[in-house]
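Listed here are the chains, written in short residue letters.
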Amino acid sequence: MDQKRDNEQGQPLVTFVVPCYNSAGYMRKAVDSLLTATQPCEILLINDGSRDETAEIACEYAEHDPRVIAIDQENANWGGVVNHGLELARGTYFKVLDSDDYFDEAALRRVLDTLALAVEAENAPDLLITNYVYDHLGSGSQREMQYRSFFPAGRVIGWDGISFSGREKVYQDKFIMIHAAWFKTTVLRESGVRLEEGVSYMDSMLLLHPLPFTKTLFYLDIAPYHYIIGREGQSVEIDVVKKHIDEQILASQLAIEDFDYAELYEKQRYCAMLMTGYVSCMMSVSTLHLFMIGTDEALEKNRKLWALLEEKNPALYANVRKSWAGRANRKTRLGRALALGGYAFAQKIYKFA
């Protein structure tokens, strides 16, 4: 692996990290979509201790395409794969593609062409933001999640260039997802982001922690990333989240304790607003799944999580409690039933699980 990387000429535009765990049945679609890239990139296929033919498939790709690097590691879960990938990354930008997702080929080429032009012009943004698509296996439906309502498209801006005008009362529920984010590798490293290993739901910290370290942004109003929903055993599946609820709670706790939001609101208000929206989403997920579990222990875990938010980050709590998460955090049995009904309705519309 090291010899192959040393022999490559020039810096890749993007390092794509593909976390692979027992992915033999579906990873080819993800990798094949990356191989359509026309700009220089490197593709790190990181086998996270799989027990199927994932490693063999990764090696097959690496043997036939010099852009592909096959890497084996002991199982460390998604966060461990990303940490490893960030250590090895040579690209100007860093992007994770989960092995059960894929890129739209034409949209990916446009993203890469845009980044290449920005790098050549020495105007490369710290963060590129794109739309993404919820792609539901069961129904065959697709829904694009877009950000054109508050990011001006096609130009480099600072955080003060975001437009929340007239919508600040509902910003607590506005956020971007990791599928939409293309960070400069140097920004990620300078932020010191390091994900917890051996647990799930660490994509939140890969998005949230570097955001205050970004100074320039660029929104491209296309949707390259297809986020597949509906595969059995997926981490966002309701029963899986319930089974791993303590890991979901941990992710929420890490987000709560990562930054002082009173200070963030003073320094980078719109950055803090988008981060608040993401934490609100995390609190909704934790709260509603604890309500689904419904035991006294689960309800007590929810109470403690909200108490932690109020104690450790009062400025963040003050805003999250105004969001859908706060409205869902009901104290009575009837209130919890209404909150779960609202979640089920939203799930049918957006098909996010």
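Criteria and thresholds
- Residues numbered from 1 in each chain as written.
- Predicted model: local features only at pLDDT ≥ 70, side-chain atom pairs only at ≥ 80, totals over all residues.
- Heavy atoms only, no water.
- Helix = DSSP H or I, 4+ residues; strand = E, 2+ residues; numbered from the N terminus.
- Buried < 20%, exposed > 50% of the residue type's maximum accessible area, 1.4 Å probe, protein only.
- Contact = heavy atoms within 4.5 Å.
- Areas by Shrake-Rupley, 256 points an atom, 1.4 Å probe, with all protein chains shown as cover.
- Lys, Arg positive; Asp, Glu negative; His and termini not counted.
- Charge placed at Lys NZ, Arg CZ, Asp CG, Glu CD.
- Pairing = 2+ DSSP bridges.
- Axes fitted to C-alpha atoms, helices over the stretch in contact; angles between N-to-C directions.
- Parallel < 35°, antiparallel > 145°, perpendicular 65-115°, else oblique.
- Left-handed = near helix turned anticlockwise from the far one by under 90°.
- Nonpolar A, V, L, I, M, F, W, Y, C, P; charged D, E, K, R; others polar.

Examining the overall build of the protein chain
Counting secondary structure elements, the protein chain contains 15 helices and ten strands. Each of the 353 residues in the protein chain was classed as buried or not, and the buried ones make up 54%. Taking all contacts inside the protein chain whose residues are at least 6 apart in sequence as the whole, residues at least 24 apart take part in 80%. Here the protein chain displays about 15,900 Å² of accessible surface, and carbon together with sulfur accounts for 49% of that area. Looking at charge distribution, the protein chain has the averaged site of its 38 positive side-chain charges lying 9 Å from that of its 49 negative ones.

A look at the pairing of strand 10 (residues 217-229)
Extensive coverage of strand 10 is indicated by the burial of twelve of its 13 residues. The sheet contact formed by strand 5 (residues 102-103) and strand 10 spans two bridges and is antiparallel. In the strand pairing of strand 10, Phe 103 is matched with Tyr 225. Relative to strand 10, strand 8 (residues 156-157) runs antiparallel, the two being bridged by two bridges.

Notes on the packing of helix 9 (residues 245-258) against helix 11 (residues 269-293)
Running from amino to carboxyl end, helix 9 crosses helix 11 at an angle of 150 degrees, the nearest separation of the two axes being 10 Å. For the element pair helix 9 / helix 11, the angle class is roughly antiparallel. Note on packing geometry: the crossing formed by helix 9 with helix 11 is left-handed. Residues Ile 245, Gln 248, Ile 249, Ala 251, Ser 252, Ala 255 and Ile 256 of helix 9 pack against Val 279, Met 282, Met 283, Val 285, Ser 286, His 289, Leu 290 and Ile 293 of helix 11. A breakdown of the residues in the contact of helix 9 with helix 11 according to their chemical character gives eleven nonpolar, four polar and no charged.

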